[in-house]
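Take a look at the letters that make up each chain.
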Amino acid sequence: MRRKALRLLEAELEVEASAITNYFVDKVRSSLQDFGVSKQISFKGPPDMIQRLPNVNSVTMSLEMNPKQAGVAVRGHYAHGSKDIGIEAQVSPSFSSRDLRELSMELGEKIRHELEHTVQSKAILRKTPPSPNPGKIKTVSRYYADKGEVSAHVAGLWKHAKDRNLDFKDLVKSRLEKLRFFMLKAGTNSKASAKLIKKIEAAWVAHAQRRYG
């Protein structure tokens with residue numbers, strides 16, 4: 001019964017993540033002309049969708065043009081005290097309607113990630129480590145191997161893989177290779193970082209197998 005309930009919750013959260021993502025992408029699409037002038041735009045999430053989420057008071061998204069950004073980068077956070085979700089996206093100056101699909105995929109992943117946090121217990125959320133310093137292996141290990149973060153990252157990546165028809169394990173490997181690149185760039189030891197990445201990959205894949213079968 002518990003497994004069935006978890007699968008139902010999973011399906012509901014994926015639907016809500018897709019609905020909020022589509023809402024924001026439509027808002028960006030209709031604001032592209034203004035964005036080209038202002039270089040930054042922000043939106044509040046749809047009240048009717050947010051009302052369906054018991055542990056969410058607001059969802060906001062900001063989109064910023066950054067000359068140093070190649071492609072699309074999206075970050076998110078969930079403040080469990082205020083129950084607010086914030087999504088920050090950075091794009092290159094050449095960003096246009098052609099890049100909306102990429103933005104949609106990244107938004108869907110991050111929103112699903114943050115929605116996962118909204119259904120976690122307060123005990124888990126209180127123990128969530130801060131964002132890691134890629135130059136310090138211990139902080140990377142604490143963050144990416146944390147119980148709440150493993151669950152949230154897997155949920156987001158699972159949705160991303162499904163939406164793009166990608167192999168989940170391949171997507172995990174690709175994402176963690178990118179993490180290792182930044183770790184090496186920040187000066188971490190090559191062997192130590194490789195060992196840690198394998199450990200994180202094993203934890204994420206094992207969690208996905210338990211969760212999705």
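Residues numbered from 1 in each chain as written. Predicted model: local features only at pLDDT ≥ 70, side-chain atom pairs only at ≥ 80, totals over all residues. Heavy atoms only, no water.

Q: Could you clarify how one ought to interpret the side chain of Thr188 in this entry?
A: Summarising the element assignment, Thr188 is placed in the loop between helix 7 (168-185) and helix 8 (190-212). Among the polar contacts listed, one links the side chain of Thr188 to the backbone oxygen of Met183, at a separation of 2.8 Å. Setting aside chain neighbours within four positions, we find Thr188 in contact with Pro134, Gly135, Lys136, Ile137, Met183 and Ser193. (Helix = DSSP H or I, 4+ residues; strand = E, 2+ residues; numbered from the N terminus. Polar contact = N/O pair within 3.5 Å; in protein donor to acceptor, adjacent residues only side chain to side chain. Contact = heavy atoms within 4.5 Å.)

Q: What's the story with the sheet that holds strand 4 (residues 84-91) in this structure? I'm lost.
A: Hydrogen bonding along the main chain pairs the strands of a sheet, whether they run parallel or antiparallel. In spatial order, the strands read 1-2-4-3; together these four strands make up an open sheet with mixed pairing. In the strand order of this sheet, the two ends are held by strand 1 (40-44) and strand 3 (72-79), each with one partner. Going from strand to strand, the sheet's axes swing by 15° on average, the running direction of each strand aside. Inspection of the sheet shows strand 2 (residues 58-65) paired to strand 4 by eight bridges, in the parallel sense. Counterpart to Leu63 in the pairing with strand 4 is Ala89. Strand contacts of helix 3 (residues 100-118): strand 2, strand 3 and strand 4, with the helix running at about 15° to strand 3, the strand carrying the most contacts. (Pairing = 2+ DSSP bridges. Axes fitted to C-alpha atoms, helices over the stretch in contact; angles between N-to-C directions.)

Q: Explain helix 8 to me, please; I cannot follow it from the model alone.
A: Given 3.6 residues to a turn, an α-helix orients residues that are three or four positions apart in the same direction. Taking 1.5 Å of rise per residue, the 23 residues of helix 8 would be expected to cover 33 Å, and the 33 Å separating its terminal C-alpha atoms lies within 8% of that figure. Listed as buried for helix 8 are Ser193, Leu196, Ile197, Ile200, Glu201, Trp204, Val205, His207, Ala208 and Tyr212. Capping the start of helix 8, Asn189 holds a side-chain oxygen 3.0 Å from the backbone nitrogen of Lys191, two or three residues further along. Directly beyond the C-terminal end of helix 8, a positive phi value near 80° is found at Gly213. (Expected span 1.5 Å × (residues − 1). Buried < 20%, exposed > 50% of the residue type's maximum accessible area, 1.4 Å probe, protein only.)

Q: Teacher, can you tell me more about the packing of aromatic side chains here?
A: Geometrically, a pair of aromatic rings is defined through the distance of the ring centres and the angle of the planes. Going through the model one piece at a time under the given rule, you end up with seven aromatic pairs. Residues Phe35 and Phe95 carry aromatic rings whose centres are separated by 6.3 Å and whose planes lie at 85° to one another, so their mutual orientation is edge-to-face. Taken as a pair, Phe35 in helix 1 (residues 2-38) and Phe95 in the loop between strand 4 and helix 3 lie far apart in primary sequence, 60 residues in all. Of the residues examined, Phe95 reaches a relative accessible area of 9% and is grouped as buried. (Phe/Tyr/Trp six-rings, centres within 6.5 Å; stacked < 30°, edge-to-face > 60°.)

Q: Is there a simple way to think about the pairing of strand 4 in this case?
A: The side chains of a regular strand alternate, first on one face of the sheet and then on the other. With eight bridges connecting them, strand 3 and strand 4 associate as antiparallel partners. Bridging across to strand 4, Arg75 finds its partner in Glu88. Between strand 3 and the antiparallel strand that follows it, strand 4, lie four residues; Lys83 among them carries a positive phi value of about 60°.

Q: I keep staring at the pattern of salt bridges and nothing clicks. Help me out?
A: Opposite charge on two side chains lets them pair, provided their charged atoms get close. All chains considered together, the criterion is met by 13 salt bridges. A salt bridge links Lys162 to Glu14; the nearest nitrogen and oxygen atoms lie 2.7 Å apart. Taken together, the residues span a long stretch of sequence, with Lys162 in helix 6 (residues 147-164) and Glu14 in helix 1 at a distance of 148 residues. For Lys162, a relative accessible area of 51% gives the class exposed. A salt bridge links Glu109 to Arg175, with the shortest nitrogen-to-oxygen separation between them at 2.6 Å. Of this pair, Glu109 sits in helix 3 while Arg175 sits in helix 7, and the two are 66 residues apart along the sequence. Across this residue pair, the class does not change: Glu109 and Arg175 are buried. (Salt bridge = Lys/Arg side-chain N within 4 Å of Asp/Glu carboxyl O.)

All quantities given are derived from atomic positions and should not be read as evidence of function.
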